[in-house]
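If you want the building blocks of each chain, they are given just below.
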Amino acid sequence: MLTRRIIPCLDVLAGRVVKGIHFRDLSDAGDPATLAFEYMNEGADELVFLDISASTDKRGTMTDWVRSVAENLFIPFTVGGGISGPEQARDLITLGADKISLNTSAVMEPGLISRCASLLGSQAVVLAVDVKRGDDGRWEVFIRGGRTPTGLDLISWVRRGQSLGCGEILLTSMDSDGTRDGYDNRCIEAVCESVSIPVIASGGAGNTRHFIDAFNSGADAALAASVFHFGSILIPDLKKDLANAGIPVRIEEVLS
Amino acid sequence: MIGIIDYGAGNVGNIRRALDFMKRESVVLVSPPSERSSMPDALILPGVGSFGPAMSKIGSSGWREALHIWIHDERPIIGICLGMQLLCEGSEEDNTIKGLGIFDGKALKLKGTKKLPHIGWNTVTWPDSGKSPCFYFVHSFALPVCSDTIAVTSVDSCVFTSIARKGRALGFQFHPERSGSAGLDLLGESLRELGV
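Just so it is clear, the structure is predicted and the values come from calculations on it, not from any experiment.

Draft legend 1. Focus on the overall build of chain A. Helix and strand counts for chain A stand at 10 helices and 12 strands. Taken over the C-alpha trace, chain A has a radius of gyration of 17 Å; the compact-globule value for 256 residues is 18 Å, and the two agree within 12%. Counting across all 256 residues of chain A, residues that qualify as buried make up 50%. In chain A, once contacts between residues fewer than 6 apart in sequence are set aside, the share between residues at least 24 apart is 64%.

See the structure below:
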């Protein structure tokens, strides 16, 4: 049986892992490769790294930390953050990343999704979408780390992303992100009903119940950052609870 | 020494790093060694992407003939993901080009699944042992259950071959090199079983 995935997310700034609260305040949390190895041993199914550095020489630092993460990580990982061309995406895959995620650059230039998919395969292209619910009850896509509204409707954007060839949707609710009040389950349901590719839910995880609700809303995977970084949820405990709730999960032993 | 075939359509680095971690010596081979004596003890055929272009690259890099001889001599080979499909007779993904023809049948597009590609950790069941650990899959095509099947996996109503074996040829539809300790353990055991 296909299991539901638990994905810790690590934000990387200048080669160090930091965690953004509401896309803003940052506090240092460590070395990407060390944290990645620990998460793998705890039973994470996959990891997502978002390079949030704004610097123009990001490519250099990104190359360094991606290579170092790949060295001892034997579960899949995705790298995102400012990827602006298929060649850059291919370089990250060559360094050892399994997938790349596109966000702002895909909105600015949707053809980038298909160019990356034809170069790397759909399985390697994740479309990351940051959304906020509007007064009309629809979700609007935001870019540039959640700072810029686009006027794009979430549902039409994820459908377009799928038809352009992305292999997964990483759906972040900005309304829920950082609240620890639970994922935006209505948003997850709406997206899962609209596309036939896997959906990763993100934003709002605070306790085990939230993960169960997201999976019951149709999410194939659930991503979280701070609850894992600060140890308020331990992955082995979470997986036990999910299994007891009837959610199929992978139970992994320690890799020494 | 384990040779990892680099024909331009595989994630060679991740396999090499997994073998390094397992303390198994490996070498990346872009083209077949000209001297038969310098061939490695076993070959790993990775693969990412689609069947047609991958098979064409195998042809243009000189690997097709070398692999036919290798297979004829019953030397150990492991195909991973698309690499496993390349070891089949062919694939529905591209009917104009033949596969390497070891495993019995053609890779077909998964049918009866709610979502494609099939991405994620799924259970692999050895019918004889009752064991069913999870491994990481990323694919849309697979070999149906056939006489070479030794383990199966199901997605919704679709059941396919997740491990095939014929003689000293082994195929994994999943990625043991991305499947944590279970994957590395299986890769290590398999190499030992193949006498490497």
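Moving on, there is more to tell.
Draft legend 2. Seen up close, helix α3 (residues 86-95) of chain A. Residue and element names in this part refer to chain A. Every buried residue of α3 is listed here: Ala89, Leu92 and Ile93. Looking down the long axis of α3, one finds its buried residues gathered within 100 degrees of arc, a one-sided arrangement. Among the residues trailing α3, glycine 96 stands out with phi positive, at a value near 130 degrees.

Draft legend 3. Geometry of the packing of helix α8 (residues 208-216) of chain A against helix α10 (residues 235-244) of chain A. Residue and element names in this part refer to chain A. Put simply, α8 and α10 touch, their axes get as near as 10 Å, and they point 50 degrees apart. Classified by the angle their axes make, α8 and α10 are oblique. Viewed along their axes, α8 and α10 form a crossing whose handedness is right-handed. Contacts from Thr208, Phe211 and Ile212 in α8 reach Leu238, Asp241 and Leu242 in α10.

Draft legend 4. Representation of the interface of chain A and chain B in the model. Taken together, the contact pairs 28 residues of chain A with 25 residues of chain B. Partitioned by chemical class, the residues of the side of chain A that touches chain B number 10 nonpolar, 9 polar and 9 charged.

Draft legend 5. Structural context of the pairing of strand β12 (residues 221-224) of chain A. Residue and element names in this part refer to chain A. What you see with β12 is no split at all: Ala221 and Leu223 on one side and Ala222 and Ala224 on the other are buried throughout. Where strand β1 (residues 5-13) and β12 come together, 4 bridges link them in parallel fashion. Of the residues in β12, the one forming a bridge with arginine 5 is alanine 221. As judged from the 3 bridges shared by strand β11 (residues 199-202) and β12, these two strands associate in the parallel manner. Within the sheet, the bridge partner assigned to isoleucine 200 lies in β12 and is alanine 221.

Definitions and cut-offs
- Residues take numbers from 1 onward in each chain, read along the sequence in its written order.
- Chains carry letters and ligands carry numbers; both start at the beginning, A for chains and 1 for ligands, and go up in the order they are written.
- Side-chain atom pairs in this predicted model are given and counted only at pLDDT of 80 or more, local residue features only at pLDDT of at least 70, and totals for whole chains, interfaces and linings cover all residues.
- Put simply, DSSP H or I for four residues or longer makes a helix, DSSP E for two residues or longer makes a strand, and each gets a number counted from the N terminus.
- As a reference, a globule follows 2.2 Å times the number of residues to the power 0.38, and the radius of gyration itself is taken over C-alpha atoms.
- Remark: C-beta atoms are placed from the backbone, and a residue is labelled buried if 20 or more other C-beta atoms sit within 10 Å of its own, exposed if 12 or fewer do, or partly exposed between those counts.
- Each residue gets a C-beta atom placed from its backbone, and two residues are in contact if those atoms lie within 7 Å.
- By definition, the arc is the one covered by directions from the helix axis to the C-beta atoms.
- Between N-to-C directions, angles cover 0 to 180 degrees, with each direction set by a line fitted to C-alpha atoms, over the stretch in contact for helices.
- Working definition: roughly parallel below 35 degrees, roughly antiparallel above 145 degrees, roughly perpendicular at 65 to 115 degrees, and oblique for all remaining angles.
- Here a crossing is taken to be left-handed if its near helix is turned anticlockwise relative to the far helix by less than a right angle, and right-handed if that turn runs clockwise.
- For this scheme, ten residues count as nonpolar: Ala, Val, Leu, Ile, Met, Phe, Trp, Tyr, Cys and Pro. Four count as charged, namely Asp, Glu, Lys and Arg, and the remainder, Gly too, count as polar.
- Strands are labelled as partners when DSSP assigns at least two bridges between them.

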